[in-house]
Amino acid sequence: MKQMEAHDDADDEHLQIQVPGVTKRDLGQRALDAREPIRMIVLRALQAYGVTVPPEAISDRRKRS
């Protein structure tokens, strides 16, 4: 069985987009409700749309104390 390589932040690319204010507020509220970063919400949405997103990329990268 082939093992999946661990996701490496060095493989990540920077993507900057502008969205309507109402969209950003809705993303922010969803992130608050789910208690996860906007990045995770967006990556899940992209995956649901059919965009290739490695499963290990959809994780909370914030450090826990």
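The structure presented is a predicted model; accordingly, all values stated were derived computationally and were not measured.

Tracing the sequence through the fold places V42 in helix α2 (residues 38-48). In this structure V42 comes out as partly exposed when scored by relative accessible area, which is 30%. For the pair formed by V42 and L27, sequence separation is 15 residues and the distance between their alpha carbons is 8.0 Å.

What follows covers the pattern of salt bridges. One pass over the full model with this rule turns up three salt bridges. D12 is the partner of R39 in a salt bridge, and the nearest nitrogen-oxygen pair spans 3.7 Å. Of the two residues, R39 sits in helix α2 while D12 sits in the segment before α1 (21-34), which places them 27 residues apart along the sequence. D12 sits in the partly exposed class, given a relative accessible area of 27%. Linking R30 and D26 is a salt bridge whose minimum nitrogen-to-oxygen distance equals 3.3 Å. Here R30 and its partner D26 are both found in helix α1, four residues apart, which amounts to about one turn of the helix.

What follows is about the packing of α1 against α2. With their axes 8 Å apart at the nearest point, α1 and α2 run at an angle of 105° to one another. Relative to α2, the element α1 is oriented roughly perpendicular. Only I38, I41 and V42 of α2 make contact with α1, whose side of the interface consists of L27, G28, R30, A31 and A34. Each residue belonging to the contact of α1 with α2 can be placed in one class, and the counts come to six nonpolar, one polar and one charged.

This part is about unusual backbone geometry. One non-glycine residue, R35, lies in the positive phi region at around 55°. Tracing the sequence through the fold places R35 in the loop between α1 and α2.

Conventions used here
Residues numbered from 1 in each chain as written. Predicted model: local features only at pLDDT ≥ 70, side-chain atom pairs only at ≥ 80, totals over all residues. Heavy atoms only, no water. Helix = DSSP H or I, 4+ residues; strand = E, 2+ residues; numbered from the N terminus. Buried < 20%, exposed > 50% of the residue type's maximum accessible area, 1.4 Å probe, protein only. Salt bridge = Lys/Arg side-chain N within 4 Å of Asp/Glu carboxyl O. Axes fitted to C-alpha atoms, helices over the stretch in contact; angles between N-to-C directions. Parallel < 35°, antiparallel > 145°, perpendicular 65-115°, else oblique. Contact = heavy atoms within 4.5 Å. Nonpolar A, V, L, I, M, F, W, Y, C, P; charged D, E, K, R; others polar.

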